[in-house]
Amino acid sequence: MSENKQAVKSIEWRDDHVRIIDQTFLPSRTVYCDIRDIGQMWDAIKKLKVRGAPAIGIAAAYAFYLGIRDIRDISFAGFNIEAERIAEYLASSRPTAVNLKWALDRILMTIYALREKPIEEIKAKVLEVAQTIHQEDIRTCRQIGLNGQELIPKKANILTHCNTGGLATGQYGTALSMIFHAHEEGKNIHVWVDETRPLLQGARLTAWELSQAEIPFKLVIDSASGHLMKSGMVDLIVVGTDRVAANGDTANKIGTYNLSVLAKAHNIPFYVALPLSTIDLSLSHGDLIPIEERDSAEVTQFGNARVAPPKTATFNPAFDVTPAENITAFITEKGIVRPPFTENLKKLFE
Ligand SMILES: CSC[C@H]1O[C@H](OP(=O)(O)O)[C@H](O)[C@@H]1O
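- The chain goes by Methylthioribose-1-phosphate isomerase in an unreviewed UniProt entry, where it is assigned to Cyclonatronum proteinivorum.
- According to the UniProt record, the Catalytic activity (unreviewed entry) comment for the chain is "5-(methylsulfanyl)-alpha-D-ribose 1-phosphate = 5-(methylsulfanyl)-D-ribulose 1-phosphate".
- Quoted straight from UniProt, the Sequence similarities (unreviewed entry) entry for the chain says "Belongs to the EIF-2B alpha/beta/delta subunits family. MtnA subfamily."

## Quick notes on the domain arrangement of the chain
And step 1. The assigned domain composition of the chain is domain 1 (11-142) and domain 2 (144-347).
And step 2. For domain 1 versus domain 2, the distance between C-alpha centres works out to 25 Å.
And step 3. Taken together, the contact pairs 28 residues of domain 1 with 37 residues of domain 2.
And step 4. Across the domain 1/domain 2 interface, buried area totals approximately 2,700 Å², and carbon plus sulfur atoms make up 55% of it.

## Quick look at the pairing of strand β1 (residues 11-14)
And step 1. The side-chain alternation of β1 yields one buried face, formed by Ile 11 and Trp 13, and one unburied face, formed by Glu 12 and Arg 14.
And step 2. The pairing of β1 with strand β2 (residues 17-21) spans four bridges and is classified as antiparallel. The partner of Ile 11 across the bridge, within β2, is Ile 20.
And step 3. What sits between β1 and β2 in their antiparallel hairpin is a turn of two residues, with Asp 15 showing a positive phi close to 60°.

## Focus: the pattern of salt bridges
And step 1. Tallying each qualifying case throughout the model produces 16 salt bridges.
And step 2. For Glu 136, the salt bridge identified is with Arg 106, shortest N-O distance 2.8 Å. Of this pair, Glu 136 sits in helix α5 (residues 119-147) while Arg 106 sits in helix α4 (residues 98-113); the two residues are 30 residues apart in sequence, bridging distant segments of the chain.
And step 3. Arg 294 serves as the salt-bridge partner of Glu 292, at 2.7 Å between the closest nitrogen and oxygen.
And step 4. Overlapping salt bridges, with partners in common, bring together Arg 94, Glu 292, Arg 294 and Glu 298 in one network.

## Side note on the environment of Gln 23
And step 1. Within the fold, Gln 23 resides in the loop between β2 and β3 (32-35).
And step 2. For Gln 23, a relative accessible area of 0% translates into the label buried.
And step 3. Not counting the four nearest positions on each side in its chain, Gln 23 is found in contact with Ser 10, Leu 48, Lys 49, Val 50, Arg 51, Leu 167, Arg 204 and Leu 205.

## Description of the UniProt feature "active site" (unreviewed entry) in the chain
And step 1. Listed under "active site" (unreviewed entry) in the UniProt record, and renumbered for this structure, are Asp 242.
And step 2. Within the fold, Asp 242 resides in the loop between β7 (236-239) and β8 (243-245).
And step 3. Sequence-distant contacts of Asp 242, defined by excluding residues within four places in its chain, comprise Ala 53, Thr 96, Ala 97, Val 98, Asn 99, Ala 251, Asn 252, Lys 253, Thr 278 and Phe 319.

## What about helix α2 (residues 53-68)?
And step 1. The end-to-end C-alpha distance of α2, which contains 16 residues, comes to 23 Å, matching closely the 22 Å that a straight helix rising 1.5 Å per residue would cover.
And step 2. Of all 16 residues making up α2, 15 are buried, and the element is well covered by its neighbours.

## Looking at the UniProt feature "binding site: substrate" (unreviewed entry) in the chain
And step 1. Here, the residues flagged by UniProt with the feature "binding site: substrate" (unreviewed entry) are Arg 51, Gly 52, Ala 53, Arg 94, Gln 201, Asn 252 and Lys 253.
And step 2. In this structure, Ala 53 sits in helix α2.
And step 3. When residues no more than four places from it in sequence are discounted, the contact partners of Ala 53 are Ala 97, Asn 99, Ala 168, Thr 241 and Asp 242.
And step 4. Relative to the helices and strands, Asn 252 is located in strand β9 (residues 250-253).
And step 5. Assessed through its relative accessible area of 5%, Asn 252 is described here as buried.
And step 6. Setting aside anything within four residues of it in sequence, one finds Asn 252 in contact with Val 239, Gly 240, Thr 241, Asp 242, Ala 318, Phe 319 and Asp 320.
And step 7. Among the polar contacts listed, one links the side chain of Asn 252 to the backbone oxygen of Gly 240, at a separation of 3.3 Å.

## Thoughts on the packing of aromatic side chains
And step 1. Applying the stated criterion across every chain, the model contains four aromatic pairs.
And step 2. Seen in terms of ring centroids, Trp 13 and Tyr 65 are 5.7 Å apart; in terms of plane orientation they differ by 80°. Their pairing is edge-to-face. With Trp 13 in strand β1 and Tyr 65 in helix α2, this residue pair connects regions lying 52 residues apart in the sequence.
And step 3. Judged by its relative accessible area of 16%, Trp 13 falls in the buried class.
And step 4. Exposure remark for Tyr 65: the relative accessible area of 13% places this residue in the buried category.
And step 5. Taken together, the ring pairs in this structure connect Trp 13, Tyr 62 and Tyr 65 into an aromatic cluster.

## Quick look at the nonpolar core
In globular proteins that are soluble, nonpolar side chains generally tend to be buried together.
And step 1. Counting residues in each nonpolar core, the largest one holds 46 residues, and the members touching the most others are Val 18, Met 41, Phe 64 and Ile 111.
And step 2. The set of elements that each furnish at least two residues to this core consists of β1, β2, β3, α1 (38-46), α2, α3 (76-91), α4 and α5.
And step 3. Here this core gets 13 residues from one element, more than from any other, and that element is α2.
And step 4. Setting aside anything within four residues of it in sequence, one finds Val 18 in contact with Ile 11, Glu 12, Trp 13, Cys 33, Asp 34, Ile 35, Met 41, Tyr 62 and Leu 66.
And step 5. The next biggest cluster of nonpolar side chains, apart from the first, holds 25 residues, and it includes Ala 224, Ile 237, Leu 274 and Phe 330.

Reading the values: rules and limits
- Residues numbered from 1 in each chain as written.
- Predicted model: local features only at pLDDT ≥ 70, side-chain atom pairs only at ≥ 80, totals over all residues.
- Heavy atoms only, no water.
- UniProt positions renumbered as here; feature names shortened; annotations may be inferred.
- Domains from an automatic or database assignment.
- Contact = heavy atoms within 4.5 Å.
- Buried area = accessible area lost by both parts, 1.4 Å probe.
- Buried < 20%, exposed > 50% of the residue type's maximum accessible area, 1.4 Å probe, protein only.
- Helix = DSSP H or I, 4+ residues; strand = E, 2+ residues; numbered from the N terminus.
- Pairing = 2+ DSSP bridges.
- Salt bridge = Lys/Arg side-chain N within 4 Å of Asp/Glu carboxyl O.
- Expected span 1.5 Å × (residues − 1).
- Polar contact = N/O pair within 3.5 Å; in protein donor to acceptor, adjacent residues only side chain to side chain.
- Phe/Tyr/Trp six-rings, centres within 6.5 Å; stacked < 30°, edge-to-face > 60°.
- Core = buried A, V, L, I, M, F, W, Y, C linked by side-chain atoms within 4.5 Å.

Next up, the structure:
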């Protein structure tokens, strides 16, 4: 894919700090935010200034370095205790996307392996690992897009939910990477973009990314998806994910489960695109995936406009879990994974 089509980089390491696009300002303004300390990044992840499972993992890896950068005159044991405290603090920002824990664990393992080395050397290695996680993700997301092409016919109406593009990853994205690459290969595709209440990642971010890439799309309200499928207007559905359990149960943005049930009822292929870093084999099934609940204001307000009476009680889960039996296949950087998922997801790591 030509680089310019996917110029958007949601996150970058710049000399001594992290620069992110503050996604809460999109699509009206492209605002960059320079993150210089761990607390600032915790807040950015919590408030979805940086968001999307892979991007959260990359952001946390850089934040880990920001957290240890100024530690001096300490024993390795003391440094270890600080490192574990930092990992626990960053993990508390958002619970569902396993990429956060995956990246933090990868850095902790790096530190443990360097126990005899000088602290300054360990710090340098942590930054190097964060940059490696970032660069690996860019390559991985491009490969996901390429691997998914056999599932996208020359002409297709594709429905997608939330945002899974360059903004949610190091670059390219996951489900959107399949769409970007299909367009680049000259396929005649059209995308139905779910607005994705309550934070409108579809309307604000996916519409913005598809516009930048000049890919034909129409924005629809979430509750239109059933009508589209019943009317034969959807050829396939592709979404991202924040955590896949060992049996293939999949946590993704709230509303994904609804789509999967409708897809099954209408015999429409339902695909999940993801990097291996989003698979959590330690959880046997999806009921074990922690589901983030977010503030009431996201439901009772639309921007700054109140849409419900004051003191309205709400329930605002940010994710739901799609059972493996509703999923046609997973698209990963190692290829397409079909049922039986328990067996075939495990094989990806052998
Ligand atoms: C490529 S992972 C994108 C994934 O993350 C989104 O969640 P959020 O916007 O809350 O970070 C959503 O679940 C997407 O599918």
